[in-house]
Amino acid sequence: MAVYTEVPAEDLVDFLARYGLGAPLVAKGIAEGVSNSNYLVETREGRFILTLYERRIDLGELPWFLGLMTHLAARGLPVPRPMADLEGGVVQDLLGKKAALIEFLPGVSISSPGPEHCRAVGAALARLHLAGAGYGPPRPNHLGVEASARTARKLGNRLDELEPGLAPFVAAAVERVRRGWPEGLPRGVIHADLFPDNVLFTGERVSGLIDFYFAATDLLAYDLAVTRAAWTFTTDGGEHLAVHDAALVGGYGEVRPLSGEERAALPLLGEAACLRFLLTRAQDWFENLGEAMVVRKDPLAFARRLAHYAKG
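An account of the accompanying structure is given in this report. (Residues numbered from 1 in each chain as written. Predicted model: local features only at pLDDT ≥ 70, side-chain atom pairs only at ≥ 80, totals over all residues. Heavy atoms only, no water.)

## Comments concerning the layout of surface pockets
Of the pockets and cavities examined, the second largest pocket occupies roughly 170 Å³. Considering only residue class, the lining of the second largest pocket consists of seven nonpolar, two polar and five charged. (1 Å grid on protein atoms, 1.4 Å probe; cavity = no way out; pocket = protein on both sides within 12 Å on 5 of 7 lines; lining within 4 Å. Points joined across faces, edges and corners; volume = space filled by probe spheres on them. Nonpolar A, V, L, I, M, F, W, Y, C, P; charged D, E, K, R; others polar.)

Okay, here's the thing in structure tokens:
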């Protein structure tokens, strides 16, 4: 989450009136993240998240994302429900941007998760995969392997500005992943961005799964690989936390057992996951998104993770 667009008080009052929720008592920007503007809003009726959609989102696909959240919440997952206004609408217009008001869920994000948090996240991800069955139509993963290949070509040797030798290292990894991409593994709805700041905890219990705007239809094991890359390394990517990794994969397997083929594919899928975040964060870095109230994430942290998975 982040803040790119400031919402004046009078516009927020008018926006909330569409829902009959009363005037805002509290409204504050949420600084984390890189894609949308988000505010925590409190009225006499409760607390909500106001999201204005800024970038990397096809606005025509908003009903798919918001519908997925409703689908998962209806099946008992701790996923926030999009709020409908007095006329039944969910997608709104605000300050020239598309916007939505989302149910607020209790809990906090864990900045330094332990193995117990990783086990709970693995189990929650598996439940998400099972609950997503039947939701459709399918949505392609627009940030998959071919998108990484295009971004790598676009950035080219500029990657060496981040670290000497990074450009050929990334190019080789892209080709390795494209050649070895596993076909025939189970597919379904994936979150595709289940980082620690997108999971809320109450104690060691997962109380919220949020930010579904990169969700798609793809290999379920790829989603597990994304989550492993996000949760089982030190922040700088320099150290793999094997105990955390075993807990996460173990928690997943307790709910949805992995096939032998899926397990064998995890290292390559880990490379694909690291490429996706290395390259999109490098692109953000070079585009100098200084207008956002957000600290840019270091793409080199994912280069280090990529090096780990490239060892096999």
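## Some points on the packing of helix H4 (residues 145-155) against helix H5 (residues 166-180)
Look at H4 against H5: their axes get within 10 Å of each other, and the N-to-C directions meet at 155 degrees. One way to sum up the angle between H4 and H5 is to call them roughly antiparallel. As for how H4 packs across H5, the hand of that crossing is left-handed. Here Val145, Glu146, Ala149, Ala152 and Arg153 of H4 lie close against H5, whose contacting residues are Val170, Val174, Val177 and Arg178. (Axes fitted to C-alpha atoms, helices over the stretch in contact; angles between N-to-C directions. Helix = DSSP H or I, 4+ residues; strand = E, 2+ residues; numbered from the N terminus. Parallel < 35°, antiparallel > 145°, perpendicular 65-115°, else oblique. Left-handed = near helix turned anticlockwise from the far one by under 90°. Contact = heavy atoms within 4.5 Å.)

## Quick notes on the packing of aromatic side chains
One pass over the structure, following the stated rule, counts eleven aromatic pairs. Here the aromatic rings of phenylalanine 195 and phenylalanine 302 are separated by 5.9 Å at their centres, their planes lie at 50 degrees, and the arrangement is tilted. Pair noted here: phenylalanine 195 is in the loop between strand S6 (187-190) and strand S7 (199-202) and phenylalanine 302 is in helix H9 (residues 299-310), with a separation of 107 residues, a long-range link. You'll find phenylalanine 195 and phenylalanine 302 in the same group, each marked buried. Here phenylalanine 201 and tryptophan 231 contribute two aromatic rings whose centre-to-centre distance is 6.2 Å and whose plane-to-plane angle is 65 degrees, an arrangement assigned as edge-to-face. (Phe/Tyr/Trp six-rings, centres within 6.5 Å; stacked < 30°, edge-to-face > 60°. Buried < 20%, exposed > 50% of the residue type's maximum accessible area, 1.4 Å probe, protein only.)

## Things to note about the environment of lysine 154
Looking at where lysine 154 falls in the secondary structure, it is placed in helix H4. Looking at lysine 154, the relative accessible area reads 59%, which means it is exposed. For the pair lysine 154 and arginine 119, spaced 35 residues apart in sequence, the C-alpha separation works out to 38 Å. Once residues within four sequence positions are removed from consideration, lysine 154 is found in contact with Gln283 and Glu287.

## What to know about H9
Spanning twelve residues, H9 covers 17 Å between terminal C-alpha atoms, matching the ideal 16 Å at 1.5 Å per step. Taken as a whole, H9 has its buried residues at Pro299, Leu300, Ala301, Phe302, Ala303, Arg305, Leu306 and Tyr309. Sitting at the head of H9, aspartate 298 places a side-chain oxygen 2.8 Å from the backbone nitrogen of leucine 300. Of the residues one or two after H9, glycine 312 is the one with positive phi, at around 90 degrees. (Expected span 1.5 Å × (residues − 1). Polar contact = N/O pair within 3.5 Å; in protein donor to acceptor, adjacent residues only side chain to side chain.)

## Looking at the pattern of salt bridges
Charged atoms that come close allow side chains of opposite charge to pair. The final tally for this structure, using the stated rule, is 13 salt bridges. Notably, a salt bridge pairs lysine 98 with aspartate 93, separated by 2.8 Å at the nearest N-O pair. Note on lysine 98: relative accessible area 29%, which makes it partly exposed. For glutamate 271, the salt bridge is made with arginine 176, and the minimal N-O distance between the two is 2.6 Å. In this pair, glutamate 271 is assigned in helix H8 (residues 260-287) and arginine 176 in helix H5, connecting sequence segments 95 residues apart. (Salt bridge = Lys/Arg side-chain N within 4 Å of Asp/Glu carboxyl O.)

## A closer look at the nonpolar core
Counting residues in each nonpolar core, the largest one holds 87 residues, and the members touching the most others are Leu159, Val170, Leu209, Phe212, Tyr213 and Tyr222. If you tally residues by element for this core, the top one is H8, at 13 residues. If sequence neighbours within four positions are ignored, tyrosine 213 has contacts with Asn36, Tyr53, Ile57, Leu62, Phe65, Leu66, Met69 and Ile102. Counting residues in hydrophobic clusters, the runner-up holds 15 residues, among them Val7, Tyr39, Leu52 and Leu101. (Core = buried A, V, L, I, M, F, W, Y, C linked by side-chain atoms within 4.5 Å.)

## Details of helix H6 (residues 220-231)
Over its twelve residues, H6 runs 17 Å from end to end, which matches the ideal 16 Å to within 8%, given 1.5 Å per residue. Among all positions in H6, only Leu220, Ala221, Tyr222, Asp223, Leu224, Ala225, Val226, Thr227, Arg228, Ala229, Ala230 and Trp231 are buried.

## Focus on the state of the cysteines
Think of a disulfide as a covalent bridge from one cysteine sulfur atom to another cysteine sulfur atom. Tallied over the full model, the rule gives zero disulfides. Here cysteine 118 stays unpaired: no disulfide links it, and the sulfur of cysteine 274, its closest cysteine neighbor, is 15 Å away. The buried category is assigned to cysteine 118, whose relative accessible area is 0%. Given the relative accessible area of 0%, cysteine 274 is considered buried. (Disulfide = S-S within 2.5 Å.)

## Quick look at the side chain of asparagine 198
If you trace the backbone, asparagine 198 turns up in the loop between S6 and S7. Taking the relative accessible area as the measure of exposure, asparagine 198 reaches 3% and is therefore buried. Among the polar contacts made by the side chain of asparagine 198, one reaches the main-chain carbonyl oxygen of aspartate 193 at a distance of 2.7 Å. The contact partners of asparagine 198, leaving out residues within four places of it in the chain, are His191, Asp193, Gly208, Leu209, Ile210 and Asp211.

## Section: the sheet that holds strand S4 (residues 92-94)
Ordered in space as S1-S2-S3-S5-S4, the five strands form an open sheet in which the pairing is antiparallel. With partners counted over all chains shown, the strands left at the sheet margins are strand S1 (26-29) and S4, one partner each. With strand direction ignored, the average angle separating the axes of adjacent strands in the sheet is 30 degrees. Alignment of strand S2 (residues 36-43) against strand S3 (residues 46-53), held across eight bridges, turns out to be antiparallel. Residue pairing in the sheet places glutamate 42 in a bridge with arginine 47 of S3. (Pairing = 2+ DSSP bridges.)

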